[in-house]
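Chain by chain, the residues run as shown.
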Amino acid sequence: MPTLRKVAAKRTLGELEYYRGLLNSLLESLRTPEDDKIQYILDTIRQSPSMKDVASAVDAPTMDMIDATSDNFKGDERSLVDVHSRITLEKLCDVPVLRVPAKPWTRVTEDEQLVSHLISLYFTWDHPLSQLIDQRMFIEHMNKGDTNSEFCSPLLVNSVLAMASAYSDFPEIFSSPGDLTSKGKQFYAEAERLWMAEDGHASLTNIQAVALMSCVLSFQTKRKASWLMLRQAVQLAQDFGMFQSPRSSHKEWKKTRIDVQYAGVVTACGLFALNSQASLESGKVANLARPRFKPFTKNKLDDDVAWVPYPRSNQIVYDTKPALLATIMFHSTDLTEIVVDIQDLLYDKALDCRMEDTWVTANNLYTRLGTWLEGLPETLQVDEEQIPQILSALALLAALEDEELKESFIELCRFLVAFSKRFSQAQAMIHMIEKTARHMNIALPPEAIAVLDHKELETSQWL
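Thresholds applied
Residues numbered from 1 in each chain as written. Predicted model: local features only at pLDDT ≥ 70, side-chain atom pairs only at ≥ 80, totals over all residues. Heavy atoms only, no water. Helix = DSSP H or I, 4+ residues; strand = E, 2+ residues; numbered from the N terminus. Buried < 20%, exposed > 50% of the residue type's maximum accessible area, 1.4 Å probe, protein only. Contact = heavy atoms within 4.5 Å. Areas by Shrake-Rupley, 256 points an atom, 1.4 Å probe, with all protein chains shown as cover. Salt bridge = Lys/Arg side-chain N within 4 Å of Asp/Glu carboxyl O. Core = buried A, V, L, I, M, F, W, Y, C linked by side-chain atoms within 4.5 Å. Patch = residues over 30% accessible without salt bridge, like charges linked within 9 Å, V, L, I, M, F, W, Y side chains within 5 Å. Phe/Tyr/Trp six-rings, centres within 6.5 Å; stacked < 30°, edge-to-face > 60°. Lys NZ or Arg CZ within 6 Å of the ring centre and 35° of its normal. Axes fitted to C-alpha atoms, helices over the stretch in contact; angles between N-to-C directions. Left-handed = near helix turned anticlockwise from the far one by under 90°. Nonpolar A, V, L, I, M, F, W, Y, C, P; charged D, E, K, R; others polar. Expected span 1.5 Å × (residues − 1).

1. Overview of the overall build of the chain
Turning to step 1, where the next piece is worked out: The helix and strand inventory of the chain stands at 18 helices and two strands.
Turning to step 2, where the next piece is worked out: A total of 463 residues make up the chain; the buried ones form 44% of that total.
Turning to step 3, where the next piece is worked out: Taking the intrachain contacts of the chain between residues at least 6 apart in sequence as the baseline, contacts between residues at least 24 apart amount to 66%.
Turning to step 4, where the next piece is worked out: For the chain, the accessible surface area stands at approximately 25,400 Å², while carbon and sulfur atoms represent 53% of it.

Encoded structure:
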C-alpha cells in the first residue's frame, strides 16, 4: 500500500506539472496579436472535450496520462488509479461564488474547490426553488467549522453536497462513470451513515438533511424510498413543533432560541411546499398542517442576497440580480396553502360532497388563485431575463401541460357533461371553463373539446 501511495502521489504531481504547463501555453497563446489564432483556440475549447485537442491548439505537447507514469505501474496497480478524478480545464477555470471548507464537514473529499463548487451550485439552482435552509446562517456556520453548530452539521453538509451533485458534471461526483443517477452517491452514503447514528433525533439540521435526502432519492428515481424519507422529515418537524398541529409539540418550539426559531420557520415553509408537491405527484392529500408562522411579512421582504447563473458566470459577463429569496418564499407559501386545499378537495372532500357544495368550493379556490396571481409584486412578473426561481413559482399555474393532469381534466369534463343533464351547477361549470379558456387564450386538450362539444346530446349518444 505505501508503494501505491507513492505511485499515486507521483502521478498526481506529474498531472499538475502537465496542466500547469498547458495553462501557461494557453495564456501565452491568448496574448498573441493574431485574432484568427485566438478564435481557433476558443472554438477548440468550446467544441472539444479532449485535452489533447486543446493542447494541440495552443501548440503544447500532448500527454497520455494513462501512460505518463507507466514505468511505475505493475500488474493490477494501474486499475487502482481513479481515472475519473483528473483535473479538467473546466475545473481549473472554475470560480465558485461561495467559498467554504471541506473539513471538518465531509470525509468523502478534502478538495475545497469541489466542495465550494457544489455548495455554489446548490444555492444557485436548487435552494431558491425549495428553500429548506437559511442560506446566510448555513454559510456563516460552515465557514466557522464548528460541528456542534445548530445551523450546520456534517449530516446536513453531505446531504447538500449529494443534492448539488445533480447539477454538476465534474467527473469526481460520479460513482459510476456515465450513470447520471450515480451522481453524488458517495455523499449520500455518508449522509445516510450519519443519519443512522442520530437515532431519529429531532433537530433543525436533521430535519433539513432528511428532507434533502428525500430529494436526492427522488432524483435517483427511487420514488417510494423518497416518499418514506420525506415522511420522516415531516414527523421530525412535527416533533420539533414547526406546524400548527400537533399542538402537543409546541412546547418544544418555545424552548429553542429566537435565531433557531427563525431558521426553523424557513424550514417549515420549505417542507410544507415539498410535502405538497410530493403528495400531489402521488395523488394524495397533503396531510400536514400549515406552518405555525411565516418567516417574513409583506413589509420585510428585502434581502441583499445576490444571484448569478453559476457556473455560466465563469464564461459570460452577467449583472448580478437580487435573489428575492424572502419574496419568493412569502408568495410561494401562500400559493402552497391554496394548492393544499385543492388537494383536499380533489382527493378527499369531493368524494363525499354534493355536486353543489363541490362547485362552491372549487369556485372559491379558483377565485383565491386569481387573487394570488393579481397580488404578485412587479418584481415577480415574468420577463425575458427573469431569474429561475420566479419562473418556478409560476410554473404550477401551467399544470395542464402535464399529460397525466390532462387526462384527469378530460375525465372531469366527462363527468361535468354527464352531471349537466341533471344539475344546473355542472352546466355553469362547463360554461365557466369555456369562458375562462377563451378569455386567457388557453388551448384546451382536443379530447376535452370533443367531450364539451357533446354537452347538448343525450348521454347515450356520446358516452
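2. Description of the pattern of salt bridges
Side chains that differ in sign of charge can pair as their charged atoms come close.
Turning to step 1, where the next piece is worked out: Here the structure, examined in full by the defined rule, presents eleven salt bridges.
Turning to step 2, where the next piece is worked out: We note a salt bridge from Lys-103 to Glu-110, for which the minimum N-O separation is 3.7 Å. Per residue, the accessibility class of Lys-103 equals that of Glu-110, and both read exposed.
Turning to step 3, where the next piece is worked out: The structure contains a network of salt bridges with shared partners spanning Arg-290, Glu-337, Asp-341 and Arg-368.

3. A closer look at the nonpolar core
Turning to step 1, where the next piece is worked out: In this structure, Ile-119, Phe-138, Met-142, Met-242 and Leu-271 are the most contacted members of the largest nonpolar core, which totals 71 residues.
Turning to step 2, where the next piece is worked out: Mapped onto this core, the elements with two or more residues apiece are α5 (112-126), α6 (135-144), α7 (154-164), α8 (185-198), α9 (204-219), α10 (223-240), α12 (258-282) and α13 (325-347).
Turning to step 3, where the next piece is worked out: Counting residues in each nonpolar core, the second largest holds eight residues, with Leu-324, Ile-328, Val-339 and Leu-376 among its members.

4. Comments concerning a nonpolar patch on the surface
Turning to step 1, where the next piece is worked out: Among the surface-exposed residues, Leu-23, Leu-27 and Leu-30 lie close enough to one another that they form a single nonpolar patch of about 220 Å² accessible area.
Turning to step 2, where the next piece is worked out: As for its placement among the helices and strands, Leu-23 is situated in helix α1 (residues 2-30).

5. Notes on the environment of Thr-333
Turning to step 1, where the next piece is worked out: Tracing the chain through its elements places Thr-333 in helix α13.
Turning to step 2, where the next piece is worked out: Thr-333 sits 64 residues away from Cys-269 along the chain, and the two C-alpha atoms are 6.4 Å apart.
Turning to step 3, where the next piece is worked out: Beyond its immediate stretch of four places on either side in the chain, Thr-333 contacts Cys-269 and Lys-294.

6. Details of α6
Turning to step 1, where the next piece is worked out: Taken together, the buried positions of α6 are occupied by Gln-135, Met-137, Phe-138, Ile-139, His-141 and Met-142.
Turning to step 2, where the next piece is worked out: Buried residues in α6 make contact with α5, α7, α12 and α13.
Turning to step 3, where the next piece is worked out: Looking one or two residues past α6, Gly-145 carries a phi angle of roughly 75°, positive in sign.

7. Focus on the side chain of Thr-205
Turning to step 1, where the next piece is worked out: Inspection of the secondary structure assignment puts Thr-205 in helix α9.
Turning to step 2, where the next piece is worked out: Setting aside residues up to four positions removed in sequence, Thr-205 forms contacts with Glu-150, Phe-151, Cys-152, Ser-153 and Leu-156.

8. Let's talk about the packing of aromatic side chains
Turning to step 1, where the next piece is worked out: On inspection of all chains with the given rule, the structure shows three aromatic pairs.
Turning to step 2, where the next piece is worked out: When the centroid spacing of 5.6 Å and the interplanar angle of 45° are considered together, the rings of Phe-123 and Phe-138 count as tilted. With Phe-123 in helix α5 and Phe-138 in helix α6, this pair connects stretches of sequence that are 15 residues apart.
Turning to step 3, where the next piece is worked out: We classify Phe-138 as buried; its relative accessible area is 0%.
Turning to step 4, where the next piece is worked out: Grouped by ring-pair contacts, the aromatic residues Tyr-122, Phe-123 and Phe-138 constitute a single cluster.
Turning to step 5, where the next piece is worked out: The aromatic ring of Trp-227 is capped on one face by Lys-284, whose charged end is 4.8 Å from the ring centroid.

9. With respect to the packing of α12 against α13
Turning to step 1, where the next piece is worked out: Here α12 crosses α13 at 35°, and the two axes come no closer than 10 Å. Considering how the two elements wind past one another, α12 and α13 form a crossing that is left-handed. When α12 is examined against α13, the residues Val-266, Cys-269, Gly-270, Phe-272, Ala-273, Ser-276, Ser-279 and Leu-280 are found in contact with a partner set consisting of Met-329, Thr-333, Thr-336, Glu-337, Val-339, Val-340, Gln-343 and Tyr-347.
Turning to step 2, where the next piece is worked out: Its residues assigned to classes, the contact of α12 with α13 comprises nine nonpolar, six polar and one charged.

10. Section: unusual backbone geometry
Leave glycine aside and you will find that most residues have negative phi; peptide bonds, for their part, are mostly trans.
Turning to step 1, where the next piece is worked out: The peptide bond linking Ser-245 to Pro-246 adopts the cis configuration, its omega dihedral lying at 5°.
Turning to step 2, where the next piece is worked out: Tracing the sequence through the fold places Pro-246 in the loop between α10 and α11 (250-254).
Turning to step 3, where the next piece is worked out: Pro-311 follows Tyr-310 through a cis peptide bond whose omega is 5°.
Turning to step 4, where the next piece is worked out: Within the fold, Pro-311 resides in the loop between β1 (306-307) and β2 (321-322).
Turning to step 5, where the next piece is worked out: A positive phi angle is found at Asp-199, which is not glycine, with a value near 55°.

11. Overview of the environment of Ala-233
Turning to step 1, where the next piece is worked out: Along the chain, Ala-233 turns up in helix α10.
Turning to step 2, where the next piece is worked out: As a C-alpha pair, Ala-233 and Ile-207 span 26 residues in sequence and 5.2 Å in three-dimensional space.
Turning to step 3, where the next piece is worked out: When residues no more than four places from it in sequence are discounted, the contact partners of Ala-233 are Ile-207, Val-210, Ala-211 and Leu-271.

12. Here we look at α12
Turning to step 1, where the next piece is worked out: The first and last C-alpha atoms of α12 sit 36 Å apart over 25 residues, in line with the 36 Å expected at 1.5 Å per residue.
Turning to step 2, where the next piece is worked out: The buried fraction of α12 is high, at 18 of 25 residues.
Turning to step 3, where the next piece is worked out: In the stretch just after α12, Gly-283 is the one whose phi turns positive, near 70°.

This is a description of form; function is not addressed.
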